[in-house]
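An overview of the molecular structure
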Amino acid sequence: MANVQLHRADVIDGAVAILDQYGLADLTMRRLATSLNVQPGALYWHFANKQALLGAVADRILEPMEQPLESGDWTTQLGLLAHRLRECLLAYRDGAELVSSTYASRLTTSKGRERMAGNLIRAGMTREEADLAAYTLLYYVLGEVVDEQSRMQMDSAGALPEESSPLYENTTATERFDFGLQLFLGGVRHLLGARVR
């Protein structure tokens, strides 16, 4: 193996490349080390274990969640955040599965969920309600995209019968996503509206 200066960003870049090419199941420390032309031990200078690496990859996937939003009321901004999260996840093979696992183990440092909660607080929710609602929206988006990515991969591998192919559905994945998002936003509006009475 070559003697190269390995930087943390190089390791993350390499992991993202493997994720996109082979998927989460094949993102191993050994494969990553081979692709970077280093010994596996070199990776542990930057990450204590694979789970820590996956947290850093999730943070990379979720970087666009930190970008500023267009102005608008809380429903517009929350909708934009939900769509941005969906786009982040769809941009990478198995993106939703990876991010979901890192959220479950609290390894991602992304503040996307906190941005959603802050938006809900500005809308009139208490901190506790906003945190619960933000987790609800986060898990809705993650679940929707895990399903969408799994079906796309199964279809491209020929594992779905033709009548079950996403290509023959009456609605698009985006339309189904928007329907669920509007149900969520309607529920928040109803909760907040009930307090005004």
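You'll find the chain entered in an unreviewed UniProt entry as Tetracycline repressor protein class E, with Nocardia aurantia given as the organism.

Attention now moves to helix H6 (residues 95–104). Within the span of H6, buried status applies to Gly95, Ala96, Leu98, Val99, Thr102 and Tyr103. Down the axis of H6, the sector holding all buried residues measures 165 degrees, keeping them to one side. Trailing H6 by a residue or two, Arg106 shows a phi angle of about 60 degrees, which is positive.

Those places that UniProt annotates as "DNA-binding region" (unreviewed entry) correspond, in this numbering, to residues 28–47. Its end C-alpha atoms 13 Å apart, residues 28–47 is made of 60% helix and 0% strand.

Positioned with a positive phi, Asn37 is a non-glycine residue whose angle comes to about 60 degrees. Within the fold, Asn37 resides in the loop between helix H2 (29–36) and helix H3 (40–43). Here Asn37 falls in the partly exposed class, since its relative accessible area comes to 35%. Even without being glycine, Arg106 reaches a positive phi, approximately 60 degrees. Within the secondary structure layout, Arg106 lies in the loop between H6 and helix H7 (112–123). Residue classification places Arg106 among the exposed positions, given a relative accessible area of 55%.

Definitions and cut-offs
In this numbering scheme, every chain counts its residues from 1 along its sequence in written order. Where totals are concerned, whole chains, interfaces and linings use all residues; where local detail is concerned, this predicted model gives features only for residues with pLDDT of at least 70, and gives and counts side-chain atom pairs only at 80 or more. Working from all heavy atoms in the structure, the side-chain values ignore hydrogens and water. Think of it in three bands: with a 1.4 Å probe and only protein chains considered, a residue is buried below 20% of the maximum accessible area for its type, exposed above 50%, and partly exposed in between. Think of it this way: any DSSP run of H or I at least four residues long counts as a helix, any run of E at least two long counts as a strand, and we number them from the N terminus. Along the arc lie the directions from the helix axis toward the C-beta atoms. UniProt positions are given in the numbering used here, feature names are shortened, and annotations may be inferred rather than shown by experiment.

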